[in-house]
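What follows is each chain in one-letter form.
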Amino acid sequence: MNQTEAHIEAIVSGRCGDPFAVLGLHRLPDGRWWLGTFQPGALAVAVFDWRTRKACGSLVQCHDAGFFSGLVETDEPFPYRLRVQYAHETVDLDDPYRYANLLGETDAHLIGEGSHLELYNTLGAHPRT
């Protein structure tokens, strides 16, 4: 099993310690963009720019459990959405991995050991611009 297969297996089995490293939009060393998403039960997944509604790529199913990935036609990160086709419906979804991880290493460590004294500032809904 290569590293990519191991990452996908960790996602579909719920053992991935850093899903942001595998899911969402990522720049490849050659400058192209790659997207990974986990959509259990999906038959097909496509990516589109939600502002222009322009299709930016179709993803390939890489694991029977519903992991899809593929190259995305873009020069920079953009506000994309996923068009997910299921057996009886097609839905447009926002990808939560499109947004940056807001927890820093210190926050994650303190939450893990149960000693974060300002958890209310780290988690929950807060107004942002």
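This one's a predicted model, so the numbers in the text were calculated from it and none came from an experiment.

Draft legend 1. Looking closely at the pattern of salt bridges. Going through the model one piece at a time under the given rule, you end up with five salt bridges. Each of the salt bridges in this network shares a partner with another, and the network as a whole consists of Arg 53, Arg 83 and Asp 92.

Draft legend 2. Expanded view of the nonpolar core. In this structure, Leu 35 and Val 47 are the most contacted members of the largest nonpolar core, which totals 14 residues. Contributing elements (two or more residues each) for this core: β2 (33-38), β3 (44-49), β4 (55-63), β5 (67-72) and β6 (80-85). Here this core gets three residues from one element, more than from any other, and that element is β6. Residues in contact with Val 47, not counting those within four places in the same chain, are Leu 35, Lys 54, Ala 55, Cys 56, Gly 57, Leu 59, Val 72, Phe 78, Tyr 80, Arg 81 and Leu 82. By size, the runner-up hydrophobic cluster in this structure holds six residues, among which are Ile 8, Ile 11, Val 12 and Phe 67.

Draft legend 3. Summary view of the sheet that holds strand β7 (residues 90-93). Reading across the sheet, the seven strands line up as β1-β2-β5-β4-β3-β6-β7 and stay open at both edges, with antiparallel pairing between neighbours. Every other strand in the sheet has two partners, leaving β1 (24-27) and β7 as the edge strands with one partner each. Here the strands of the sheet are splayed against their neighbours by 25° on average, with no regard to which way each runs. When β2 meets β5, the two strands line up antiparallel, connected through six bridges. Each residue of the ladder has a partner; that of Leu 35, found in β5, is Gly 70.

So, how was this worked out
- Residues numbered from 1 in each chain as written.
- Predicted model: local features only at pLDDT ≥ 70, side-chain atom pairs only at ≥ 80, totals over all residues.
- Heavy atoms only, no water.
- Salt bridge = Lys/Arg side-chain N within 4 Å of Asp/Glu carboxyl O.
- Core = buried A, V, L, I, M, F, W, Y, C linked by side-chain atoms within 4.5 Å.
- Buried < 20%, exposed > 50% of the residue type's maximum accessible area, 1.4 Å probe, protein only.
- Helix = DSSP H or I, 4+ residues; strand = E, 2+ residues; numbered from the N terminus.
- Contact = heavy atoms within 4.5 Å.
- Pairing = 2+ DSSP bridges.
- Axes fitted to C-alpha atoms, helices over the stretch in contact; angles between N-to-C directions.

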